[in-house]
Amino acid sequence: MTTQTHAGTWRLGDLTVNRIGLGAMRLTGSAPFGRGTPADRDRSIAVLRRAADLGVNHIDTAAFYFSPTLSANELINRALSPYPDDLVIATKVWAGRDPSGEWTWATPPQLRGQVEENLRQLGRDHLDVVNLRIPRSAGTASIAEHFGALADLREAGLVRHLGLSNATPAHLAEARAIAPVVCVQNPYSVGASSGEQEFLRACGEQGIAYVPFFAIAGAGRERGAVAAEEESVLAVARAHGATPAQVRLAWTLRQGPHVLAIPGTGDPDHLAENVAAGRLRLSEADLARLGGGADVTPRD
């Protein structure tokens with residue numbers, strides 16, 4: 001039995017994925033978006049190929065994951081094309097970066113160009129999952145025009161399934177009134193707020209995958225894991241002979257069978273450790289020590 005089998009699977013619409021995937025953000029360097037030390041191209045390609053060997057069939061990426069020398073999408077294309085039949089690639093639009101690296105936010109008509117850029121970089125004729133990456137500044141503002149534009153692209157056959165990133169329950173309700181939503185991708189880690197725990201539960205009740213980002217980094221966000229790890233995480237790691245990152249991933253998977261992990265790394269050894277977290281079984285005492293989290297009975 002493979003590690004991925006231990007972690008289980010979930011369906012994104014009609015696509016079945018193993019619950020431990022790979023986030024592509026860190027494939028381009030030690031820090032995302034061009035800061036830090038550039039990654040070695042061959043090493044990043046090796047990470048992607050090793051992920052496929054380990055049973056990872058869900059990769060999270062974006063056209064705006066690039067540094068001055070590397071593009072995550074083009075690395076994925078180089079490493080894995082022709083793509084395995086079961087590989088699901090999820091990407092994000094609305095946010096974007098111009099060639100100089102400056103951030104831009106697309107208007108609804110401009111989303112087609114962002115989708116087509118992902119298609120070009122990945123070398124595909126359609127995208128498996130496209131998440132609408134909602135800006136934090138959007139607050140409670142309507143996303144109907146942007147999500148409606150993506151729904152039109154889904155009807156045109158450029159996109160197979162739609163999701164939301166950085167969303168609120170109100171955003172999800174608004175989007176579902178326009179087109180089916182297969183996943184919600186939000187920041188979530190040990191110590192998550194009660195409101196976000198409730199949102200995770202609600203997604204499970206609606207049969208929607210909940211895909212945490214920063215599950216390992218936590219408050220470190222784009223900077224990565226904080227240097228001073230929480231004592232509760234360290235204590236559970238010591239008890240299991242595991243790394244803190246593995247404990248955080250195992251805790252993430254325990255939040256519900258509809259919860260998918262997408263840890264990012266450019267390190268082959270860290271990748272193998274992340275995937276191995278699917279074998280780690282936390283006890284109820286461990287969960288209590290870490291703060292428990294959501295208690296979910298999802299609809300499949």
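First things first, this report covers the structure right here in the doc. From a predicted model like this one, the values you see are computed outputs, not experimental measurements. (Residues numbered from 1 in each chain as written. Predicted model: local features only at pLDDT ≥ 70, side-chain atom pairs only at ≥ 80, totals over all residues. Heavy atoms only, no water.)

**A closer look at helix α4 (residues 111–122)**
Its 12 residues place the ends of α4 17 Å apart at the C-alpha level, agreeing with the 16 Å of an ideal helix rising 1.5 Å per residue. When α4 is considered as a whole, its buried residues turn out to be Leu111, Gln114, Val115, Asn118, Leu119, Gln121 and Leu122. Backbone geometry just downstream of α4 places Gly123 in the positive-phi region, at approximately 70°. (Helix = DSSP H or I, 4+ residues; strand = E, 2+ residues; numbered from the N terminus. Expected span 1.5 Å × (residues − 1). Buried < 20%, exposed > 50% of the residue type's maximum accessible area, 1.4 Å probe, protein only.)

**A word on the environment of Ile216**
Note that Ile216 resides in the loop between β11 (209–210) and α8 (231–240). Residues Ile216 and Val17, 199 residues apart in the sequence, show an inter-C-alpha distance of 20 Å.

**Structural notes on the layout of surface pockets**
Approximately 260 Å³ is the volume found for the second largest pocket. Contributing to the lining of the second largest pocket are 19 residues, with Ala63, Phe64, Arg97, Glu117 and Gln121 lying nearest its centre. When residues of the lining of the second largest pocket are traced back to their parent elements, those giving at least two are β5 (88–93), β6 (95–97), β7 (103–105) and α4. Counting residues per element, the lining of the second largest pocket draws most heavily on α4, at 5 residues. (1 Å grid on protein atoms, 1.4 Å probe; cavity = no way out; pocket = protein on both sides within 12 Å on 5 of 7 lines; lining within 4 Å. Points joined across faces, edges and corners; volume = space filled by probe spheres on them.)

**A closer look at the packing of aromatic side chains**
All told, the structure shown has 9 aromatic pairs when counted by the stated rule. Ring geometry for Tyr188 versus Tyr210: centroids 5.5 Å apart, planes at 75°, classification edge-to-face. In this pair, Tyr188 sits in the loop between β10 (183–185) and α7 (194–205) while Tyr210 sits in strand β11, placing the two residues 22 residues apart along the sequence. Accessibility assignment for this pair places Tyr188 and Tyr210 in one class, buried. Ring geometry for Tyr188 against Trp251: centres 5.6 Å apart, planes inclined by 20°, an arrangement best described as stacked. (Phe/Tyr/Trp six-rings, centres within 6.5 Å; stacked < 30°, edge-to-face > 60°.)

**A few points about the state of the cysteines**
Per the stated rule, a full pass over the model turns up 0 disulfides. Note on Cys183: no disulfide assigned, nearest cysteine sulfur contributed by Cys203 at a separation of 9.4 Å. (Disulfide = S-S within 2.5 Å.)

**Focus on the nonpolar core**
Formed by 85 residues in total, the largest nonpolar core has its most connected members in Leu48, Ile76, Val115, Leu132, Leu150 and Leu164. Per-element tally for this core: the top contributor is helix α9 (residues 244–253), with 6 residues. The residues contacting Leu132, other than those within four sequence positions of it, are Val93, Trp94, Leu111, Ile143, His146, Phe147, Leu150, Gly163, Leu164 and Ser165. By size, the runner-up hydrophobic cluster in this structure holds 13 residues, among which are Trp10, Ala90, Val129 and Val182. (Core = buried A, V, L, I, M, F, W, Y, C linked by side-chain atoms within 4.5 Å. Contact = heavy atoms within 4.5 Å.)

**Here we look at the sheet that holds β10**
The strand order across the open sheet built from 7 strands is β3-β4-β5-β8-β9-β10-β11, with neighbouring strands paired in parallel fashion. A strand with exactly one partner marks an edge of an open sheet, and here the two such strands are β3 (22–23) and β11. (Pairing = 2+ DSSP bridges.)

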